[in-house]
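Listed below, chain by chain, are the residues.
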Amino acid sequence: MEKVYTKNAPDAIGPYSQAVKVQNLVFTSGQIAINPATGNVDAEGIEAQTKQVCENLKAVLEEAGSSLEKAVKTVCFLDDMGDFAKFNEVYGTYFTGKPARSCVEVSKLPKGVKVEVEVIAEL
């Protein structure tokens, strides 16, 4: 197992890695809409937060030697399923390969964000 780290995505806010590589797969931790340049949640609204989340995931996957196009499974957490359509609009521009996905509503996410996404991708 190899840990993955890039300064182009937010530092972990707990005792975990941005991602780990195992054999021919990379498993990302959930990414939220933290701007890696500021360390803050600067994006407001579901569309802007989803874009930041996807940019963070893209950076982690690229550091691991993978990409969004190689995603095989995502798990998505929304704090309001009423944002599902708007989330899908942005998500669909990043995950064009249409990986398998689960998407659920949760009562609360870290730092009060609206969305969190994790990815399993091929290397």
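These remarks concern the structure in this document. (Residues numbered from 1 in each chain as written. Predicted model: local features only at pLDDT ≥ 70, side-chain atom pairs only at ≥ 80, totals over all residues. Heavy atoms only, no water.)

A few points about the nonpolar core
Then, number 1: Grouped together as the largest cluster of nonpolar side chains are 27 residues, with contacts concentrated most on Leu 57, Phe 87, Phe 95, Val 115, Val 117 and Val 119.
Then, number 2: Mapped by element, the contributors of at least two residues to this core are helix 1 (45–64), strand 4 (71–78), helix 2 (84–94) and strand 6 (115–122).
Then, number 3: When residues of this core are assigned to their parent elements, the largest contribution, 8 residues, is made by helix 1.
Then, number 4: Residues in contact with Leu 57, not counting those within four places in the same chain, are Thr 28, Ser 29, Gln 31, Leu 68, Phe 95, Val 117 and Val 119.
Then, number 5: In terms of nonpolar packing, the next biggest core, distinct from the first, is built from 6 residues, Ile 32, Val 75, Phe 77 and Val 113 among them. (Core = buried A, V, L, I, M, F, W, Y, C linked by side-chain atoms within 4.5 Å. Buried < 20%, exposed > 50% of the residue type's maximum accessible area, 1.4 Å probe, protein only. Helix = DSSP H or I, 4+ residues; strand = E, 2+ residues; numbered from the N terminus. Contact = heavy atoms within 4.5 Å.)

Some details on the sheet that holds strand 3 (residues 25–28)
Then, number 1: Pairing within the open sheet is mixed, and its 6 strands lie in the order 1-2-3-6-4-5. Because the sheet does not close on itself, it has two edges, and the strands there are strand 1 (2–4) and strand 5 (100–105). Strand after strand, the sheet turns through a mean of 15 degrees between neighbouring axes, direction not considered.
Then, number 2: Across 4 bridges, strand 2 (residues 19–22) lies against strand 3 in antiparallel orientation. Bridge pairing in strand 3 links Val 20 to Phe 27.
Then, number 3: Strands in contact with helix 1 are strand 1, strand 2, strand 3, strand 4 and strand 6; relative to strand 6, the strand with the most contacts, it is inclined by about 30 degrees. (Pairing = 2+ DSSP bridges. Axes fitted to C-alpha atoms, helices over the stretch in contact; angles between N-to-C directions.)

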